[in-house]
Amino acid sequence: MARDFAQDLSGMGRPISLGSALSGVWGRTVTVFSPRCPYRVGDTVIGDDPFSGRREGVVVWQDRRSVGVKTPYGVFFFDHRLVKPLD
């Protein structure tokens, strides 16, 4: 997986505690089993949110649980469960 940021090298070579190592392993394990967003950047979707309203647009940002939909009125962020593919 490509990263969009430079790695911080200031902590390299320092010893870590067993607790922080287990915490990192547990965090990676939990994210593997968490829900994933089925949409990719460039997909055309409809977002239907009771607060933002219904918006049609293109996915310009996505992470594990939410998507950013670009519309003519700006970018709106939706939970991926509230977004449907455009027919």
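Keep in mind it's a predicted model, so treat the numbers as computed, not measured.

Asks: Looking at this structure, I do not really get the sheet that holds strand S3 (residues 66-71). What am I missing?
Replies: Picture the strands of a sheet paired through backbone hydrogen bonds; they go either parallel or antiparallel. The strand order across the open sheet built from five strands is S4-S3-S2-S1-S5, with neighbouring strands paired in antiparallel fashion. For this open sheet the edge positions go to strand S4 (74-79) and strand S5 (83-85), each flanked by a neighbour on one side alone. When strand polarity is set aside, the average angle formed by the axes of neighbouring strands in this sheet is 45°. Looking at chain direction, strand S2 (residues 53-62) and S3 are connected through four bridges and run antiparallel. Bridging from a neighbouring strand, Trp61 pairs with Gly68 of S3.

Rules used throughout
- Residues numbered from 1 in each chain as written.
- Predicted model: local features only at pLDDT ≥ 70, side-chain atom pairs only at ≥ 80, totals over all residues.
- Heavy atoms only, no water.
- Pairing = 2+ DSSP bridges.
- Helix = DSSP H or I, 4+ residues; strand = E, 2+ residues; numbered from the N terminus.
- Axes fitted to C-alpha atoms, helices over the stretch in contact; angles between N-to-C directions.

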